[in-house]
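# Chains, contacts and geometry: an overview
Listed below, chain by chain, are the residues.
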Amino acid sequence: MATFSAITSVIFAPSLEPSFSNNVIAERTSNLKMAIGGWRKNSFPSLKTNRFCVSCSAKPETVQKVCEIVRRQLALPAETELTSESKFSALGADSLDTVEIVMSLEEEFGIGVEEENSQNITTVQEAADLIEKLVEKKAA
Amino acid sequence: MVSPGQAAPIRPEILGLYRALLRAAREFRDYNVREYTKRRAIDGFRENQNLTDPESISSAYAEGKNQLAIAKRQAVVYSLYAPKVKSIMELENPADLIN
């Protein structure tokens, strides 16, 4: 699981071919083979370990799903930029919207978010991390 | 309706009530009632979003709590008499109905 994230983080490295973009979620195995080869050739281990820490917190598909749900709830137009660091308040969501977003996420992922946890969610990344944690706990 | 000693509810309490209403809505098996409860909660809170007067906030909050109690009771009553046939809106593949 940890190595998986390290390899997906390599996809973001500029030295690799530009054909790999953030949105490639399918064809995971083929990415894997290509990325392993790429990683061995490059010799910047310190850069890679930094990226490793950032991306191992939540899977890209989770972040994608969260972004989709946020976009649908807030009725954002397609051009609006939505990254994992986007704050809900910056996207025009008030506290009621945040509650609705958290409820939609609960339904989508089949988890239950506690009161205190939900008050701390302000960005897409935080939501994805909390979801990952709850899904793992549920699966355990 | 509101007892004179109570202070107006604060933001986390109100959001907690909102969340409780949406959760109560999920308990209903009937698609129509579920969607209505959700929609009514959202509309009700949006309508009273900009209240500033503590007394009106308190009375709106008290009304919300009453509605929550009603929703919870009704969810139990409805589940006692839940029909087996689901609403067509909930079917994944409506073509199955024909078979």
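In this text the structure is predicted, and so the values were computed from the model without any measurement. (Residues numbered from 1 in each chain as written. Chains lettered and ligands numbered in written order. Predicted model: local features only at pLDDT ≥ 70, side-chain atom pairs only at ≥ 80, totals over all residues. Heavy atoms only, no water.)

## Comments concerning the overall build of chain B
When helices and strands are tallied, chain B shows three helices and zero strands. A buried classification covers 25% of the 99 residues belonging to chain B. Expressed as a percentage of contacts within chain B between residues at least 6 apart in sequence, the contacts between residues at least 24 apart total 72%. Approximately 7400 Å² of chain B is accessible, and the part contributed by carbon and sulfur atoms is 54%. (Helix = DSSP H or I, 4+ residues; strand = E, 2+ residues; numbered from the N terminus. Buried < 20%, exposed > 50% of the residue type's maximum accessible area, 1.4 Å probe, protein only. Contact = heavy atoms within 4.5 Å. Areas by Shrake-Rupley, 256 points an atom, 1.4 Å probe, with all protein chains shown as cover.)

## So, the interface of chain A and chain B
Reports often express the size of an interface as the amount of accessible area lost when the parts come together. Each partner contributes residues to the interface: chain A has 14 residues there, and chain B has 13 residues. Both sides of the chain A and chain B interface together cover about 1300 Å² of buried area, and 51% of this is carbon and sulfur. If you sort the residues of chain A by the area they bury against chain B, Leu 96, Val 99 and Met 103 of chain A come out on top, with a joint share of 40%. In this assembly, chain A and chain B are joined by seven salt bridges. Across the pair Arg 23 of chain B and Glu 106 of chain A runs a salt bridge, and its minimum N-O distance is 2.9 Å. There are eleven residue pairs in polar contact (both at pLDDT 80 or more) connecting chain A and chain B. Counting residues per element, the ones that place at least two in the side of chain A that touches chain B are helix H5 (95-109) and helix H6 (115-119) of chain A. In terms of residue count, H5 of chain A provides more of the side of chain A that touches chain B than any other element does, nine residues in total. (Buried area = accessible area lost by both parts, 1.4 Å probe. Salt bridge = Lys/Arg side-chain N within 4 Å of Asp/Glu carboxyl O. Polar contact = N/O pair within 3.5 Å; in protein donor to acceptor, adjacent residues only side chain to side chain.)

## Let's talk about a nonpolar patch on the surface
Taken together, Val 77, Leu 80 and Tyr 81 of chain B make up a surface patch of nonpolar side chains, about 370 Å² in accessible area. Inspection of the secondary structure puts Tyr 81 of chain B in the segment after helix H3 (54-80). (Patch = residues over 30% accessible without salt bridge, like charges linked within 9 Å, V, L, I, M, F, W, Y side chains within 5 Å.)

## Re the environment of Ala 41 of chain B
Along the polypeptide, Ala 41 of chain B turns up in helix H2 (residues 31-47). Aside from chain neighbours lying at most four places away, what touches Ala 41 of chain B is Tyr 18, Leu 21 and Leu 22 of chain B.

## Quick look at the side chain of Thr 123 of chain A
Topologically, Thr 123 of chain A is positioned in the loop between H6 and helix H7 (124-139). Beyond its immediate stretch of four places on either side in the chain, Thr 123 of chain A contacts Ser 84, Glu 85, Ser 86, Lys 87 and Phe 88 of chain A.

## As for the confidence of the model for chain B
When pLDDT is averaged along chain B, the result is 86, and 92% of the positions lie at 70 or above. Per the prediction output, this complex has pTM 0.68; the corresponding ipTM is 0.80. (pLDDT = per-residue confidence, 0-100.)

## Here we look at the packing of H5 of chain A against helix H1 (residues 11-26) of chain B
With their axes 10 Å apart at the nearest point, H5 of chain A and H1 of chain B run at an angle of 35 degrees to one another. Judged by the sense of rotation from one axis to the other, the crossing of H5 of chain A with H1 of chain B is right-handed. Between H5 of chain A, through Ser 95, Leu 96, Val 99, Glu 100, Val 102, Met 103, Glu 106 and Glu 107 of chain A, and H1 of chain B, the contact on the second element is made entirely by Arg 11, Leu 15, Tyr 18, Arg 19, Leu 22, Arg 23 and Arg 26 of chain B. Classifying every residue of the contact of H5 of chain A with H1 of chain B by side-chain character gives seven nonpolar, one polar and seven charged. (Axes fitted to C-alpha atoms, helices over the stretch in contact; angles between N-to-C directions. Left-handed = near helix turned anticlockwise from the far one by under 90°. Nonpolar A, V, L, I, M, F, W, Y, C, P; charged D, E, K, R; others polar.)

## A few points about the side chain of Ser 104 of chain A
Relative to the helices and strands, Ser 104 of chain A is located in helix H5. Residues in contact with Ser 104 of chain A, not counting those within four places in the same chain, are Ile 69 and Gln 73 of chain A.

## Some details on H2 of chain B
The end-to-end C-alpha distance of H2 of chain B is 24 Å, a good match for the 24 Å that 17 residues give at a rise of 1.5 Å each. Along H2 of chain B, the residues that are buried comprise Tyr 31, Val 33, Arg 34, Thr 37, Ala 41, Gly 44 and Phe 45 of chain B. Turning to H2 of chain B, the residues buried within the fold contact H5 of chain A together with H1 and H3 of chain B. (Expected span 1.5 Å × (residues − 1).)

## Thoughts on empty space enclosed by the protein
Residue and element names in this part refer to chain A. For the structure on display, the rule yields two cavities of 30 Å³ or more. Taken as a whole, the second largest cavity spans an internal volume of roughly 40 Å³. Around the second largest cavity, the lining residues are Val 102, Leu 105, Glu 106, Ile 111, Val 113, Ile 121, Ala 127, Leu 130 and Ile 131. Contributions of two or more residues to the lining of the second largest cavity are made by H5 and H7. Looking at the lining of the second largest cavity residue by residue, the classes come out as eight nonpolar, no polar and one charged. (1 Å grid on protein atoms, 1.4 Å probe; cavity = no way out; pocket = protein on both sides within 12 Å on 5 of 7 lines; lining within 4 Å. Points joined across faces, edges and corners; volume = space filled by probe spheres on them.)

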